[in-house]
Amino acid sequence: DEAVKQEKFLSSIYIAIFLVKKRYNNNDNDNDSSVCSSYLETLPSLEALQHLPVFWSDDDLNELQGSSLKSKIQDQRQEWAEEYNMILSAIKEEEEAYTTKNNQKDHKYDFFDLNTWYWARSIVTSRAFHDTAIAGSECLIPYIDMLNHITLGQGLMADAQRQEEEEEASDNNDNDVIMCHWNIDAKGFHLNLPKGHDDSKAAVSAMKNIEICYGTYSNLHFLMSYGFSIFDDTHQLLEEQVQLQINPCLMESDTSNNKDILNLWRADDLDNDDTRDVQISIGDPGPMESVLSLCRVASSRGNELTQMKELFIQKAETISQNEDELMPQLGATLCRKPFSFANEIRAMEMLREQTTKSLAQYDTTFDEDDELLFDGGSSIL
């Protein structure tokens, strides 16, 4: 719902502005002993947030060539920079009005720079909760935001292990993690222990690790928002994407066919660029069908392209996501199924060539990346 998204965005901005202002007040007034001041002292510093992708160096980003993560990081930086410039413009207008009225410059916002805004926005994205009681607003909840994330799968395993130990009447409980459920309503934030647990103050104080589930998201979301990713969780969403460039295989002796292929390529209003950048989503067959269609069209010879169009019209294909018919003039939808052995071989060769080029952009192989991660990742931090 757009209204909820807008409320979530605006509340995030307001909280970030509040954090920036309170951070300045705290630095300017060391004697502030308010509850809000005490909470601000628990928040991580700018230096402690450098693991978040938005703070990664250009050298780090260059390691992500061909990955959608790189474009996501760049988009986030641009969005936050635009927010910063908008707020800075408003501050300058206020300063000019103050200077005109009081005949002296107001320097109280000199501390506000881009890194400070990045810090405030990162605090919100990594620590805020979604308040369903107030039209989907974001909110910060002191101390509760210190709880670590536990996946639904990990939570179920922990509960099963705990139940097994209780049935065996074991005094040696190796399972120290308890997954709590949480919710927000008009009365406030509620942290609920699993059924059967003693919720007295003494019992809760004795618990070693209380964790909550941040939600079911993709690793891309976890990394961008919180700075971590998860291995092999069955409840994890798959939104990771890779990018391929598909170029038409134009032949000097096939000028008529070349013209038809280029017309298909340019029907998407791609600024007459003869290269198609396509996204392949892990776990989603739709984008891969589009990639294969592009490869079959790009590697077509002779009258194959004409026959592809005729078959498409005969089948009267429609797209499942909506009621609109697939457009035969677009290369990504024209030939989603194999056309002929010869064409399929050429298409597969093209796909192999393009994937090889994409993989060549990375300094390490997938197996080497896995080895680095399982060794603790010390050499890539």
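For the structure itself, consult the block above.
Scoring rules and cut-offs
- Residues numbered from 1 in each chain as written.
- Predicted model: local features only at pLDDT ≥ 70, side-chain atom pairs only at ≥ 80, totals over all residues.
- Heavy atoms only, no water.
- Helix = DSSP H or I, 4+ residues; strand = E, 2+ residues; numbered from the N terminus.
- Buried < 20%, exposed > 50% of the residue type's maximum accessible area, 1.4 Å probe, protein only.
- Contact = heavy atoms within 4.5 Å.
- Areas by Shrake-Rupley, 256 points an atom, 1.4 Å probe, with all protein chains shown as cover.
- Axes fitted to C-alpha atoms, helices over the stretch in contact; angles between N-to-C directions.
- Parallel < 35°, antiparallel > 145°, perpendicular 65-115°, else oblique.
- Left-handed = near helix turned anticlockwise from the far one by under 90°.
- Nonpolar A, V, L, I, M, F, W, Y, C, P; charged D, E, K, R; others polar.
- Phe/Tyr/Trp six-rings, centres within 6.5 Å; stacked < 30°, edge-to-face > 60°.
- Expected span 1.5 Å × (residues − 1).
- Pairing = 2+ DSSP bridges.
- Salt bridge = Lys/Arg side-chain N within 4 Å of Asp/Glu carboxyl O.
- Core = buried A, V, L, I, M, F, W, Y, C linked by side-chain atoms within 4.5 Å.
- Polar contact = N/O pair within 3.5 Å; in protein donor to acceptor, adjacent residues only side chain to side chain.

Draft legend 1. Here's a closer look at the overall build of the protein. Summing up its helical and strand segments, the protein has 14 helices and seven strands in all. Among the 381 residues that make up the protein, the fraction classed as buried is 36%. Of the contacts made within the protein by residues no fewer than 6 positions apart, 65% connect residues no fewer than 24 positions apart. Summing over all exposed atoms, the protein offers an accessible surface of approximately 23400 Å²; the carbon and sulfur share of this is 50%.

Draft legend 2. Expanded view of the packing of helix 4 (residues 68-102) against helix 8 (residues 219-226). Direction vectors running N to C along helix 4 and helix 8 enclose 40°, while the axes themselves pass 11 Å from each other. As summarised for this structure, helix 4 and helix 8 are arranged oblique, according to the angle between their axes. Considering the relative orientation of helix 4 and helix 8, their crossing is right-handed. Contact with helix 4, carried on its side by L69, K72, I73 and Q76, involves L220, L223 and M224 of helix 8 and no other residues of that element. In terms of residue class, the contact of helix 4 with helix 8 is made up of five nonpolar, one polar and one charged.

Draft legend 3. Focus on the packing of aromatic side chains. What the rule picks out here adds up to 13 aromatic pairs. Centre to centre, the rings of Y214 and F228 are 6.4 Å apart; their planes meet at 50°, and the pair counts as tilted. Residue Y214 is located in the loop between strand 5 (209-212) and helix 8, and its partner F228 is located in the loop between helix 8 and strand 6 (241-246); the two are separated by 14 residues in the primary sequence. A relative accessible area of 19% means that Y214 is categorised as buried.

Draft legend 4. The arrangement of helix 5 (residues 114-127) in detail. Compared with the 20 Å implied by 1.5 Å per residue over 14 residues, the 20 Å span of helix 5 between its first and last C-alpha is a close match. Counting buried residues along helix 5, 11 of its 14 residues qualify, which places the element largely inside the surrounding structure. Of the residues making up helix 5, those classed as buried are T116, W117, Y118, W119, A120, R121, S122, I123, V124, S126 and R127.

Draft legend 5. Representation of the sheet that holds strand 5. With mixed pairing, three strands are arranged side by side in an open sheet as 4-3-5. The strands lining the two open edges of the sheet, one partner per strand, are strand 4 (188-192) and strand 5. If you compare each strand with its neighbour and ignore which way they point, the axes differ by 35° on average. By the bridge criterion, five bridges tie strand 3 (residues 177-185) to strand 4 in an arrangement that is antiparallel. In the sheet register, N183 faces strand 4, and the bridge partner there is H190.

Draft legend 6. Expanded view of the pattern of salt bridges. Summed over the entire model, instances satisfying the criterion amount to seven salt bridges. Notably, a salt bridge pairs D145 with R127, separated by 3.3 Å at the nearest N-O pair. Residue D145 is found in the loop between strand 2 (137-139) and helix 6 (152-167), and its partner R127 is found in helix 5; the two are separated by 18 residues along the sequence. As a salt-bridge pair, E289 and R336 come within 3.7 Å of each other at their nearest N and O atoms. A residue pair is termed long-range when its members are at least 10 positions apart, and E289 in helix 10 (residues 285-298) and R336 in the loop between helix 12 (331-334) and helix 13 (341-359) qualify at 47 residues. For R336, a relative accessible area of 23% translates into the label partly exposed.

Draft legend 7. Geometry of the nonpolar core. Among the nonpolar cores identified, the biggest contains 27 residues, and L19, F55, F112, W117 and W119 are the most heavily contacted of them. Those elements giving two or more residues to this core turn out to be helix 1 (2-28), helix 2 (35-42), helix 4 and helix 5. Of all hydrophobic cores here, the second largest spans 15 residues; its members include I144, M207, I212 and Y214.

Draft legend 8. Unusual backbone geometry, seen in detail. The phi dihedral of Y143 falls on the positive side, at around 70°, and the residue is not glycine. Assignment of secondary structure puts Y143 in the loop between strand 2 and helix 6.

Draft legend 9. Focus on the side chain of S11. Looking at the element boundaries, S11 is found in helix 1. The buried category is assigned to S11, whose relative accessible area is 6%. At 2.9 Å, the side chain of S11 forms a polar contact with the backbone oxygen of K8. With near-sequence residues (within four places) excluded, S11 lies in contact with S137 and E138.

Draft legend 10. Layout of the side chain of R296. Mapping R296 onto the fold places it in helix 10. A relative accessible area of 2% places R296 in the buried class. There is a polar contact of 3.0 Å between the side chain of R296 and the backbone oxygen of R336. Excluding anything up to four places from it in sequence, R296 contacts M308, C335, R336, K337, P338, N343, E344 and A347.

Draft legend 11. Structural context of the packing of helix 4 against helix 5. Packing of helix 4 against helix 5 brings their axes to within 10 Å, and their N-to-C directions diverge by 120°. Crossing of helix 4 against helix 5: the hand is right-handed. Every residue of helix 5 that contacts helix 4 at R77, W80, A81, E83, Y84 and I87 is listed here: L114, W117, Y118, R121, S122 and T125. A class-by-class count of the residues in the contact of helix 4 with helix 5 yields seven nonpolar, two polar and three charged.

Draft legend 12. Broad picture of the environment of L69. Among the structural elements, L69 can be located in helix 4. Taking the C-alpha atoms as reference, L69 lies 9.2 Å from L223; in sequence the two are 154 residues apart. The contacts of L69, once residues within four sequence positions are left out, are W56, L64, L220, L223 and M224.

From the geometry alone we can't say anything about function, so treat these as descriptive.
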